[in-house]
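Close look at the chain arrangement
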Amino acid sequence: MPCSENILILQEETKWGMSMRKGIVRIMFLMLLCSVATGFAQNGRAQTYTVSGYVTDGNSKETLLTASVYDANTMRGSVTNNFGYYTLVMPAGHVDLHASYVGYSKYENAFLLRCDTVINIQLDASIALREVAVVGRAIENNVTGTQMSTIEIPILQMKKVPAIFGETDIIKTLQLLPGVQSGTEGSAGMYVRGGGPDENLMLLDGVPLYNVNHAMGFFSAFNPDAIKNVTLFKGNFPARFGGRLSSVVDVRTKDGDMQSYHGNFSIGAIAAKMNVEGPIVKDKTSFNLSFRRTYYDLLAAPLINMIVKNESENMEKTMAGYYFYDFNLKLNHKFSDKDRLFMSYYSGDDRVYVDMKEEDAITYNNGMEVTNVEKLNTKWRWGNRVAALRWNHVVSPQLFMNVTGTYTQYRHLMNVDYDEECVVKSNGVLLNNEKTGYELGLKSGIYDLCGKVDFDYRPHEKHDVKFGFDVTHHLYEPSATAIRVNDEYSSDNDTNDNGTTINLANARIGAWETDLYAEDNWDISNFIKLNLGLHYSTFSVEGKTYHSVQPRASLRALASENLSFKAGYASMTQYIHLLSSNTISLPTDLWVPVTQNLLPMDAHQVAVGAFYDWKGFEFSLEGYCKFMKNVVEYKDGASFFSLDATDWQEKVCMGDGYSYGVEFLVQRSVGKVTGWLGYTWARANRLFNRQGQELNFGEMFPAKYDRRHDLSIVLSYAPSERFDVSATWVYSSGNCATLAMQNYSGLDVGSSIGYVSCRNNYRLNSYQRLDIGVNWHKQKKYGERTWSLNVYNALCHNNPFIVYPKVTYDYNEQTTKKQLVQVCIFPLMPSLSYSFQF
Amino acid sequence: MFLAACTKVIQFTGEDSEPLLVVNGIQQVGKTPNLMVSKSRFFLESEGCVYARGVAAKLFVDDVFVEDLSVRDTVFQYYSNEGSAEMCYCTGNYVFQEGDRVRFVVSSDDFDDPVTADVVMPAKPEVSYFDTLRVIVAQVWPSYEEAPNYYTSVDANGNPCWIFEWNDHHPETGELILHTDTIYPGDPERLEITASLGINDPEGAQYYNLEPVEGIEWFKSSDPVFSDFALGDVFDGNSVYGSRLKFNVFSDNTFQGALYDLKFFWENDFPFMRQKYAFSLSLVDEHCFRYIQSYRKYEENSWMEDIGNLFSEPTQVYSNVKGGIGIVGAQGTPVVVEMVLDNFK
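Residues numbered from 1 in each chain as written. Chains lettered and ligands numbered in written order. Predicted model: local features only at pLDDT ≥ 70, side-chain atom pairs only at ≥ 80, totals over all residues. Heavy atoms only, no water.

1. Some remarks on the overall build of chain A
- Per the secondary structure count, chain A includes four helices and 50 strands.
- When the accessible surface of chain A is summed, it comes to about 33100 Å², and 59% of that surface belongs to carbon and sulfur atoms. (Helix = DSSP H or I, 4+ residues; strand = E, 2+ residues; numbered from the N terminus. Areas by Shrake-Rupley, 256 points an atom, 1.4 Å probe, with all protein chains shown as cover.)

Listed below in C-alpha cells is the structure:
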C-alpha cells in the first residue's frame, strides 16, 4: 500500500495548518493596515506629487499592459495596470522618467516635478519584433518584482511556437512552461502544480470563461488574432484573484487601433480566421473584430452525401458535420483622458449536426401503395457567450477606478429528433397513417451575472494599493433531459395518439458569490519589497453561506542587482467543481456548485525561489508545496458517462490533495535566438479517507497527472526579416492509469477478480515530441504574407493517448491472446497555412 | 484526426506482472478454520497455472501458535472465462471463540515470503425486540387493483411487516449481516419473495424502503450493501432453514452503539399459503464488510469494464492479506428468529 505512513504526518500538518491559518490572517491583516497607514503617514511628511497617465503604442494607440514606468534617479517606479494606466508618487524635484516595454524603444523624459502631472506616453515599436520574445521588464522584472510563479508571454512569441495543424494555441503554449502539465496527447487541459483541470481561472478580459476547449480539448477557445497579452499565475496569487485553486490565466484582448484600419486573415489545415481593427472615430472610438471557424465540415459534406447515396438510393438528404467557431468583438471609446468605455463580446461554439431523410415507396400490383419516410435530425452544440461592459475612470491622479458588468454563459444543448411515417394507400385512398418516433433533448449550463469595482490607488511612492469587490449571481443547470415518444395512428375511421413525454431534471441551483480584496505592493527598502493582500469571499447556496478569508503574501529580497530571493504564501478557495472524464474534454463535462454536502475546495501554497539575470538570460528556480482540501474525484466505477438518473452528488467524493515540486526556467527574450528551457520535478498525491468517501481504501494514491519529470525546450531563430524557424521539444514522464494487473479467484469459487493494488498504479510510457515550425514572410503591395509550415511530432514518436487490453482469439489454435495496446493519435502531422497581414 | 491514429503493443515489464499468493476464507465463531489458497495470474496471460505448490498454513490465536492446518490439494476445480484452475483447501481443528484475535500465516513453494492475514472473531448481536404486529405504513401497491393476489406486505390490512429492534452494545466491533430465509409447505421455488429492507433513520424517524437494486443509494455516509443471493457460497446461512437466502450487509457506522429498528416488508404473491420465515442476524468483521462492499461494486461495474468503459475508474476489491491478495474475514454467532404465518387464507 502506497505512502500510508505519510498520512498521519500530513493530517497532523493539516491541523497545524488550519490553526496557523487563523494566525496568519490576523497578522497579515494588521500588516496590511500598517502598511497603508504608514503610506499615508509618510505621504504627509514630504511634499509629493503624482505623475500618471496611459502608456500606449505610438502607432495604434493600443494600451500597453505591464509596461515599466520609473524614475531613473531613484529606480522607483511601477508598471501599467490592465488598462495601460500608471501612477507614480514622487517627491518634488528633478525626475528622469523612463518607460519601457518589450519590443518598443525606451521613453525618456527629464523634468522638474512641481505639481501633479499627467503624461501619456507613446512608445514606438522600433525594435525588430521578430527578434523579441518572452518576458522582459526594467521594473518588476524577473529579479526585481515581488511576484513569483508568474509568467507573461507576448502573443507574438506564442504565434512563433509550432502548433498542431498550424493553429496557434495559448493553452498549449502555456503547457510548455514549468509547473504546467498537459492532459492526454493533444488536449488543451492544464494541470498546474498538481491541481485539476477545473482549478484554473480562465479570464477573458477579466471575465471567467468556463469552457476553454474546442474539439474535445484539442484546441482552445482563444483566438490568438484577438489577443494582446496573456499572463499565467501559477502560485502566489495577487489578492485581486480568487475562485480557483491552482492558476489564473489572464487573457487580454486588443482594444482596436485608434488611428488606422488593418487586420489579417489566414487559412490553415482545418480553420480559417480573420481579424480587423480600426477607428470608428479617430482617436476616440475603435473596434477589434475577429472570427475563426473550422471548415472541414463544408469540404466533407458533399463527400458524405455522395457516399451515403451510393450506399442507399432511397436516401434523399444527408447532411452531417462538425465545426467550431469563435467570434470576438471589442469596442473602445475614449471620452477623455479620464474616462474610457469598453464593450467586449465573445461567442464560441462547437456544433455537431446530422440531418437525414430516407424515403422508400413500394407500389404493389393490387394498387396498394406503401410509403415509408424516416427522418433524423440531430443538433448538438456547446459553448460560451461572454459579454462585458467596462468603464475606466481616473478619479484622481492617485486613484484609478474600473467598473465592470459581465455576463457569462456556458450551455450544452442536444436535440435528437427521429420520425418515421408509414402511409398505406389503396388506389389512392388512405387506409392508415402511422407515425412513430422519439425526440430527446439534453440541456445543461451555467449562467453568471457579475458586477465588479476595482481601484488602483497610489497613496505613496512606496505603496501601490489595489482593492475592490464584486458580486456574482450564478445559476447552475446541472442537467435536464426531455424525452418525447410519438406513437400516432390514424385511419379512415380511427385516430390514436399514444405519445408520452418524460422530463428528468436535476434542479437548477442559484448561488450568490461576493468577493472583497485589498493588496499593497510595498517598497520597504531598496532591497526588501513586500506584497500583502487579503481576499475575502462568500458563497451562498441552498440556504447555506460559506465564508473564506484568504491571505496572500510575497516577499522579495534583493541580494544584488541581478540576484534576488523570493518567498510567498497564498490561500485560495473554489466554490465550483467540474465533473469530467479527466481524460478528454467533452460537452457532457458538468460545472456544479458546492452544496450543503459538497464543500468548497481550499488550497494553501508556499513557494520559495531564486531569480537571476545574466547577459540577457533570465534564470529562476522555484520550489513549492501545496495542500488542497475537499478536492473531488469520482467514486470507484462512477462515471459522468452513465445513463442512470443518479444525483451527481452521489457519484463523487471529497478528499485532500498534496503536491510539491521544483521548477527551473531559463529564458532569453531578445536576440536572434530566443526561447526558454523549463524543467519540473513534481509529485502530486490524493488522499480520500473520510468516512463513506474512501478511495483506494483510504490510502494515499498518485493523482492522475502526477508526473515526475517534465522538460520543455522552445527555441526560435530569426536570421532575417523574411524567415524564421522555431522548434519545441517536450519530454515528460507518463501519465497514470489504473490497471488490474492480476486476476484471482475470490471467495465465490469460480469468480475471477481483477486485482488493483492502488488507484493510478500503472504509468503510461513517457511522452516525447519534437515540433518544428518555419515561417516565410514577404512584404507585398498591401501588406505582408506569411507561409507557415508546421510539423507536429516530427520524430513520429508513438505517444500514448489511451492504453487498453486487447483480446484476440485464434480459431485455429483455439487460444486466447491478450495484449496491452497503446493508441497514438498524432504520429506525425505536417500542416501548411497561409496568412496575410494588412 | 483519428484516422491518423496508430496502435502499438506495449511490452509490459515490472514487478506487478509477478503472481501473488491468494488466500480466501470466512471464519465463523463456533466452527473450525478454513482457507482456500491459490495464486493469481498476470492479467495478460490467458492461461497459466494458479495452483500454488507446497502450501503450508499456520494458525495463531491471540499471538499464540495453535496448529498447522491440514492442506488438501486440488479440492476445487472451477471453470470460468479464464479456464479451469485448482486450489488448495486448508482446514484445522481449533474451534473459534468470540473475541479471538486470529492470525493465519500462509506460505507456498512458489513464493519466497509467507503472507499473513489477521482477523478478530465478532461477538453475537443482541436482538431486544421482535414485533410481528405493528403496522408501519399503510400502503397499497399501485398494481393492487389490476392483480388482486398481488399484495404489498406493509398494507394496513394485515400483510406482514416486522421489526427487529437491535441493540448494538458493541460499538467498537462488528458490521451487521442479516439473512432472510423462508420455509413453507409446498414447493419452495414457487414463492417469489423480493425482500426489501428499511431502517429507521435516526434523524428523521422516516422509514426508507430499500429496494434491492437501489439499496446502496439510500445511505450517504455508510453504504449498506444489499448482497442478494451472491454470498450464498461464502457465509453460513443456517441452511437448515432452506435455500432461499438473502443477505443484507450494513456498515457498523450506521448502528454504532445505538438502538435501531430494522423493518422488513415484501411483496407476497402467495398470501394464501402458510409460510414460515426466519431471520438470522450476525456480525462480520470490518475486513469482511469492506470486501463485500467493494466486491458488490466490482460486480455492478464489471459489465462496464468488460466493454472497455474508458471514462470510469476501475473498482478495487478489498484485500487484507499482507504480502498477497484475498480476504480472510470473520462472522459471529447468529441470532435466529423464526415465525410462522398462517393468517393468509
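The structure having been displayed, the exposition proceeds.
2. Comments concerning the pattern of salt bridges
- Throughout the structure, instances matching the rule amount to 34 salt bridges over all chains.
- Across the pair D326 of chain A and R292 of chain A runs a salt bridge, and its minimum N-O distance is 2.7 Å. Of the two residues, D326 of chain A is situated in strand β21 (residues 315-334) and R292 of chain A in strand β20 (residues 285-294); the sequence distance between them amounts to 34 residues.
- Residue R101 of chain B is joined to D63 of chain B by a salt bridge in which the shortest nitrogen-to-oxygen separation is 3.4 Å. With R101 of chain B in strand β10 (residues 101-107) and D63 of chain B in the loop between β5 (56-61) and β6 (64-72), the pair connects residues that are 38 residues apart, well separated along the chain. (Salt bridge = Lys/Arg side-chain N within 4 Å of Asp/Glu carboxyl O.)

3. Comments concerning the sheet that holds strand β12 (residues 200-204) of chain A
All names here are of chain A.
- Reading across the sheet, the five strands line up as β9-β16-β17-β12-β13 and stay open at both edges, with mixed pairing between neighbours. Two strands bound the open sheet, and with one partner strand each, they are β9 (150-154) and β13 (207-208).
- Judged from the six bridges that link them, strand β16 (residues 227-233) and strand β17 (residues 247-253) form a sheet pairing that is antiparallel. Within β17, the position partnered with N229 by the bridge is R252. (Pairing = 2+ DSSP bridges.)

4. Some words on the packing of aromatic side chains
- Following the criterion strictly, the structure yields 33 aromatic pairs over all chains and no others.
- With centroids separated by 6.3 Å and ring planes inclined at 15 degrees, the aromatic side chains of Y295 of chain B and Y298 of chain B adopt a geometry described as stacked. You can see Y295 of chain B and its partner Y298 of chain B sitting in helix α2 (residues 286-306), three residues apart, about one turn around the helix. You'll find Y295 of chain B and Y298 of chain B in the same group, each marked buried.
- Grouped by ring-pair contacts, the aromatic residues Y54, F83, Y85, F342 and F400 of chain A constitute a single cluster.
- Taking the ring centre of Y54 of chain A as reference, the NZ or CZ of R340 of chain A above it sits at 4.5 Å. (Phe/Tyr/Trp six-rings, centres within 6.5 Å; stacked < 30°, edge-to-face > 60°. Buried < 20%, exposed > 50% of the residue type's maximum accessible area, 1.4 Å probe, protein only. Lys NZ or Arg CZ within 6 Å of the ring centre and 35° of its normal.)

5. Considerations on the sheet that holds strand β6 (residues 107-113) of chain A
Residues and elements named next belong to chain A.
- If you walk across this open sheet you meet the four strands as β3-β2-β5-β6, and the pairing is antiparallel. Of all the strands in the sheet, just β3 (76-79) and β6 have a single pairing partner and so form its edges. Across the sheet, the mean angle separating the axes of adjacent strands is 20 degrees when strand polarity is ignored.
- Note that strand β2 (residues 68-71) and strand β5 (residues 93-100) share four bridges and pair antiparallel. In the strand pairing of β5, D71 is matched with L97. (Axes fitted to C-alpha atoms, helices over the stretch in contact; angles between N-to-C directions.)

6. A few points about the nonpolar core
- Grouped together as the largest cluster of nonpolar side chains are 47 residues, with contacts concentrated most on L174, M190 and F222 of chain A.
- Of all elements in the fold, only β9, α2 (155-160), α3 (170-174), β11 (190-192), β12, β16, β17 and β23 (368-396) of chain A reach the threshold of two or more residues within this core.
- Look past the residues within four positions of F222 of chain A in its chain and what remains in contact with it is I170, I171, M202, L204, L209, V212, I227, V251 and R292 of chain A.
- In this structure, V23, Y51, V115 and A117 of chain B belong to the second largest nonpolar core, which totals 26 residues. (Core = buried A, V, L, I, M, F, W, Y, C linked by side-chain atoms within 4.5 Å. Contact = heavy atoms within 4.5 Å.)

7. A look at the environment of I825 of chain A
Residue and element names in this part refer to chain A.
- Tracing the chain through its elements places I825 in the loop between β49 (815-824) and β50 (829-837).
- Of the residues examined, I825 reaches a relative accessible area of 1% and is grouped as buried.
- Separated by 68 residues in sequence, I825 and S757 have C-alpha atoms that sit 29 Å apart.

8. Examining the confidence of the model for chain B
All names here are of chain B.
- When pLDDT is averaged along chain B, the result is 65, and 43% of the positions lie at 70 or above.
- The secondary-structure element of chain B with the lowest mean pLDDT is strand β13 (residues 151-152), recorded at 34, while β10 shows the highest, at 96.
- Segment residues 236-244 is flagged for pLDDT under 50; beyond a separation of four residues in sequence, or across chains, it makes 29 contacts in the model.
- Model confidence for the complex is summarised by a pTM of 0.78, with the ipTM given as 0.78. (pLDDT = per-residue confidence, 0-100.)

9. Re a nonpolar patch on the surface
Residues and elements named next belong to chain A.
- A cluster of nonpolar side chains, contributed by F469, V471, W512, L516, Y536 and V549, occupies part of the molecular surface with about 520 Å² of accessible area.
- Residue assignment for the nonpolar patch shows that the elements contributing at least two residues are β26 (463-491) and β29 (509-523).
- Within the fold, L516 resides in strand β29. (Patch = residues over 30% accessible without salt bridge, like charges linked within 9 Å, V, L, I, M, F, W, Y side chains within 5 Å.)

10. As for helix α4 (residues 296-311) of chain A
All names here are of chain A.
- In this model α4 runs 22 Å from its N-terminal to its C-terminal C-alpha over 16 residues, within 8% of the 22 Å that 1.5 Å per residue would give.
- The sharpest bend along α4 measures roughly 25 degrees and falls at P302.
- Those residues of α4 that sit buried are D297, A300, A301 and V308.
- Buried residues in α4 make contact with β20, β21 and β22 (339-363). (Expected span 1.5 Å × (residues − 1). Bend = angle between axes of the 7 residues up to and from the residue.)

11. Side note on the pairing of β21 of chain A
Residues and elements named next belong to chain A.
- Sheet analysis places β20 next to β21, joined by nine bridges and oriented antiparallel. Following the sheet pairing, R293 is matched in β21 by Y325.
- Note: β21 against β22, 19 bridges, orientation antiparallel. If you follow A320 over to β22, its bridge partner there is V354.
- Connecting β21 to the next strand, β22, in antiparallel fashion are four residues.

12. Observations regarding the confidence of the model for chain A
Residues and elements named next belong to chain A.
- Per-residue pLDDT for chain A has a mean of 82; in total, 87% of the residues score no lower than 70.
- The spread of mean pLDDT over the elements of chain A runs between helix α1 (residues 4-45), the lowest at 50, and strand β32 (residues 563-574), the highest at 93.
- For residues 1-17, every residue scores under 50 in pLDDT, and the model assigns this stretch 18 contacts once sequence neighbours within four places are set aside.
- Considering only residues more than four positions removed or in separate chains, one finds that residues 127-138, a stretch of pLDDT under 50, has 53 contacts.

13. Focus on the pairing of strand β48 (residues 802-810) of chain A
All names here are of chain A.
- Two strands pair when backbone bridges link them, and β48 and β49 are joined in this way by nine bridges, in the antiparallel orientation. Each bridged residue has a counterpart across the sheet, and for V803 the counterpart in β49 is Q822.
- Taken together, β48 and the strand that follows it, β49, pair antiparallel across an intervening segment of four residues, in which Q814 is found at a positive phi of about 55 degrees.

14. Here we look at the environment of L828 of chain A
Residues and elements named next belong to chain A.
- Summarising the element assignment, L828 is placed in the loop between β49 and β50.
- The exposure class of L828 is partly exposed, given its relative accessible area of 37%.
- Among residues more than four places away in sequence, those in contact with L828 are V791, Y792, N793, A794 and C796.

15. Some words on unusual backbone geometry
Residue and element names in this part refer to chain A.
- With a phi angle near 50 degrees, E542 is a residue other than glycine that sits in the positive phi range.
- Relative to the elements of secondary structure, E542 occurs in the loop between β30 (528-541) and β31 (544-558).
- Since its relative accessible area comes to 38%, E542 is described here as partly exposed.
- Positive phi, normally seen in glycine, also occurs at F697, with a value near 55 degrees.
- Take F697: it is sitting in the loop between β38 (673-687) and β39 (701-702).

16. Some details on the environment of N142 of chain A
- Within the element layout of this structure, N142 of chain A appears in the loop between β8 (121-123) and β9.
- Linking N142 of chain A and F619 of chain A, residues 477 residues apart in sequence, is a C-alpha distance of 8.1 Å.

17. Details of the side chain of H393 of chain A
Residue and element names in this part refer to chain A.
- By secondary structure assignment, the location of H393 is in strand β23.
- Take H393: its relative accessible area is 19%, and that puts it in the buried class.
- Of the polar contacts made by the side chain of H393, one reaches the side chain of D339; its length is 2.6 Å. (Polar contact = N/O pair within 3.5 Å; in protein donor to acceptor, adjacent residues only side chain to side chain.)

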